[in-house]
Amino acid sequence: MPATEIPVPLPQQPYKILIQEQGIAEIGQHLRNSHLLRKTLGQKILVVSNPQIWKHYGDRLQGSLEAAGYEVLSCILPAGERYKTLKTIQKIYDCALAHRLERSSTLLALGGGVIGDMTGFAAATWLRGISVVQVPTSLLAMVDAAIGGKTGVNHPQGKNLIGAFHQPMLVLIDPETLQTLPGREFRAAMAEVIKYGVIWDEQLFQALEASPRLDQLRYVPPSLLSDLLKRSCAAKAKVVTQDEKEAGLRAILNYGHTLGHTIESMTRYRLFNHGEAVGLGMIAAGRIAVALQMWSQDCCDRQHRLIQKCGLPTQLPQDFDSQRVLSLLRSDKKVKDGAVRFVLPRAIGQVTLIDQVPDEVVLSVVEALKSPHA
């Protein structure tokens, strides 16, 4: 896969997404060779990662950075969504203090979306803001979490309620890291890829439909992997560039997330991971759109089949408390003037924001998701 650069031309802090095989081994040179980054980044780089990712890629990354003249420090955190809390952020702050990080110092996230979100939030708040570089190692982080500057941690009552916008200086994607990605994590990330197809890129959706299998990396041809990385990153970059802080357009990136976040919270981040919950949220959003006569049943079925093809769950547990969904939805950060905003599809490649979804429609759809025959 040849190297690809995708610009994110934000007015205040433009940066690029670099997709490059074996890019981790060359990250030091990328930082040194960029005139902007050479002027901006100081000598100290604190790498935040988890034990599994550090074991696979830590030495390679550290060697590249040290060869380029950086002083490399590390902060290794436990893996998992349930550790995405202020208590874990405190550990990053403790490392930053112990290593005397200054305003010219940099945090570098090496890992998936949880590591990226926490590292970005720590960078946004340490010394009122220092530089951050994102090196995502999961497909989910590559196509979504690492791009766009959304950072944060979870509150017991909801996902990502505590956070800040803090754009990275660089996003470096090394597709080779996907070789060590667990199968469940790969499948979960495909929900976000499907999302881009529904909200923005009909050609991407059709390319996914044409692939016989999408449930494991080994069944995805290199050409399709390259295409879905480029198209997903480009879609995210275009949306973020037009609406950096979610004043309007950027809200479409929440497709499947409104109910998805609620599903995650209600199952304590243990039964479904983020991508699986988003997949269920997209199924629900599609059915709500059909119920409101906004979307055709045919398109809804196409989305459902694609989610199934990726090996994602399509059913909620029988004991899922549908009534509690409404109260949790109203505590979501996407609520505006007391109304829950849903992102609902009108066509493959086109969605809209709706804040007038009747409660009975939401409850009916959630109840139907508990049935294996729905």
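Owing to the predicted nature of the structure, the values given are computational and were not obtained by experimental measurement.

**Digging into the sheet that holds strand β1 (residues 4-8)**
Turning to step 1, where the next piece is worked out: Spatial strand order, β1-β2-β9-β6-β5-β3-β4: seven strands in an open sheet with mixed pairing. Looking at the sheet topology across the chains shown, the edges are occupied by β1 and β4 (71-76). Ignoring which end each strand starts from, the neighbouring axes of this sheet average 20° apart.
Turning to step 2, where the next piece is worked out: Pairing geometry for strand β3 (residues 44-49) and strand β5 (residues 106-111), over four bridges, is parallel. If you follow Val 48 over to β5, its bridge partner there is Ala 109.
Turning to step 3, where the next piece is worked out: Relative to β5, helix α3 (residues 51-67) is tilted by about 135°, and along the sheet it contacts β3, β4 and β5.

**Focus on the packing of helix α11 (residues 274-291) against helix α14 (residues 359-368)**
Helix-helix packing is described using two parameters, namely the angle between the two axes and the distance between the axes.
Turning to step 1, where the next piece is worked out: Packing of α11 against α14 brings their axes to within 10 Å, and their N-to-C directions diverge by 130°. One way to sum up the angle between α11 and α14 is to call them oblique. Handedness of the crossing formed by α11 with α14: right-handed. Of the residues in α14, those in contact with Ala 284, Arg 287, Ile 288 and Ala 291 of α11 are Val 361, Val 362, Val 365 and Ala 368.

**Remarks on the pattern of salt bridges**
Turning to step 1, where the next piece is worked out: This structure, assessed with the given rule, holds 15 salt bridges.
Turning to step 2, where the next piece is worked out: Across the salt bridge formed by Lys 195 and Asp 144, the nearest N and O atoms sit 3.3 Å from each other. A residue pair is termed long-range when its members are at least 10 positions apart, and Lys 195 in helix α7 (residues 183-199) and Asp 144 in helix α6 (residues 139-145) qualify at 51 residues. Asp 144 matches Lys 195 in its accessibility class, with the two residues each being buried.
Turning to step 3, where the next piece is worked out: Measuring nitrogen to oxygen at the nearest pair gives 2.8 Å for the salt bridge that ties Arg 213 to Asp 215.
Turning to step 4, where the next piece is worked out: On the basis of relative accessible area, Asp 215 is assigned to the buried category, the value being 14%.
Turning to step 5, where the next piece is worked out: Overlapping salt bridges bring together Glu 81, Lys 84, Asp 117, Lys 159 and Glu 264 as one network.

**Quick word on the environment of Glu 202**
Turning to step 1, where the next piece is worked out: With respect to the helices, strands and loops of the structure, Glu 202 is situated in helix α8 (residues 202-210).
Turning to step 2, where the next piece is worked out: Taking the C-alpha atoms as reference points, Glu 202 and Gln 315, 113 residues apart in sequence, are found 26 Å from one another.
Turning to step 3, where the next piece is worked out: Contacts of Glu 202, omitting those with residues within four sequence positions, involve Gly 197, Ile 348 and Gly 349.

**Considering the UniProt feature "binding site: Zn(2+)" (unreviewed entry) in the chain**
Turning to step 1, where the next piece is worked out: Summarizing the sequence annotation, UniProt attributes the feature "binding site: Zn(2+)" (unreviewed entry) to Glu 192, His 257 and His 274 in the numbering used throughout. Separation in sequence by 83 residues is not matched in space for these annotated residues, since their most distant C-alpha atoms are only 9.8 Å apart.
Turning to step 2, where the next piece is worked out: As for its position among the elements, Glu 192 is in helix α7.
Turning to step 3, where the next piece is worked out: Beyond its immediate chain neighbours, meaning those up to four positions away, Glu 192 contacts Leu 140, Val 143, Asp 144, His 257, His 274 and Val 278.
Turning to step 4, where the next piece is worked out: Here the side chain of Glu 192 touches Lys 195 through a polar contact of 2.9 Å, side chain to side chain.
Turning to step 5, where the next piece is worked out: Looking at the secondary structure, you find His 257 in helix α10 (residues 257-266).
Turning to step 6, where the next piece is worked out: A relative accessible area of 5% places His 257 in the buried class.

**So, the packing of aromatic side chains**
Turning to step 1, where the next piece is worked out: Enumeration over the complete set of coordinates arrives at one aromatic pair.
Turning to step 2, where the next piece is worked out: With centroids separated by 5.8 Å and ring planes inclined at 25°, the aromatic side chains of Tyr 93 and Trp 126 adopt a geometry described as stacked. Placement of Tyr 93 in helix α4 (residues 86-98) and of Trp 126 in the loop between α5 (113-125) and β6 (131-136) is noted, with a sequence separation of 33 residues between them. Considered together, Tyr 93 and Trp 126 belong to a single accessibility category, that of buried residues.

**Section: the pairing of β6**
Turning to step 1, where the next piece is worked out: Most of β6 sits inside the fold, with six of its six residues counted as buried.
Turning to step 2, where the next piece is worked out: Burial along β6 is two-sided: the residues Ser 131, Val 133 and Val 135 and Val 132, Gln 134 and Pro 136 are all buried.
Turning to step 3, where the next piece is worked out: Regarding the hand of the β-α-β motif, the stretch spanning β5, α5 and β6 is right-handed.
Turning to step 4, where the next piece is worked out: Examined bridge by bridge, β6 and strand β9 (residues 170-173) share two bridges and lie parallel to one another. Bridge pairing links Val 133 to Leu 170 in β9.

**A few points about the pairing of strand β8 (residues 158-165)**
Turning to step 1, where the next piece is worked out: Two strands pair when backbone bridges link them, and strand β7 (residues 150-155) and β8 are joined in this way by five bridges, in the antiparallel orientation. Each bridged residue has a counterpart across the sheet, and for Thr 151 the counterpart in β8 is Ala 164.
Turning to step 2, where the next piece is worked out: Two successive antiparallel strands, β7 and β8, enclose a turn made up of two residues.

**Structural notes on unusual backbone geometry**
Turning to step 1, where the next piece is worked out: Residues other than glycine seldom take positive phi values, yet Asn 160 does so here, at roughly 55°.
Turning to step 2, where the next piece is worked out: For Asn 160, the location among the structural elements is in strand β8.
Turning to step 3, where the next piece is worked out: With a phi close to 60°, Gln 293 is a non-glycine residue in the positive phi region.

**So, the side chain of Thr 151**
Turning to step 1, where the next piece is worked out: For Thr 151, the location among the structural elements is in strand β7.
Turning to step 2, where the next piece is worked out: Residue classification places Thr 151 among the buried positions, given a relative accessible area of 10%.
Turning to step 3, where the next piece is worked out: Beyond its immediate chain neighbours, meaning those up to four positions away, Thr 151 contacts Asp 117, Gly 120, Phe 121, Ile 162, Gly 163, Ala 164 and His 166.

Rules behind the numbers
- Residues numbered from 1 in each chain as written.
- Predicted model: local features only at pLDDT ≥ 70, side-chain atom pairs only at ≥ 80, totals over all residues.
- Heavy atoms only, no water.
- Pairing = 2+ DSSP bridges.
- Helix = DSSP H or I, 4+ residues; strand = E, 2+ residues; numbered from the N terminus.
- Axes fitted to C-alpha atoms, helices over the stretch in contact; angles between N-to-C directions.
- Contact = heavy atoms within 4.5 Å.
- Parallel < 35°, antiparallel > 145°, perpendicular 65-115°, else oblique.
- Left-handed = near helix turned anticlockwise from the far one by under 90°.
- Salt bridge = Lys/Arg side-chain N within 4 Å of Asp/Glu carboxyl O.
- Buried < 20%, exposed > 50% of the residue type's maximum accessible area, 1.4 Å probe, protein only.
- UniProt positions renumbered as here; feature names shortened; annotations may be inferred.
- Polar contact = N/O pair within 3.5 Å; in protein donor to acceptor, adjacent residues only side chain to side chain.
- Phe/Tyr/Trp six-rings, centres within 6.5 Å; stacked < 30°, edge-to-face > 60°.
- Right-handed = clockwise from strand over helix to strand, strands pointing away.

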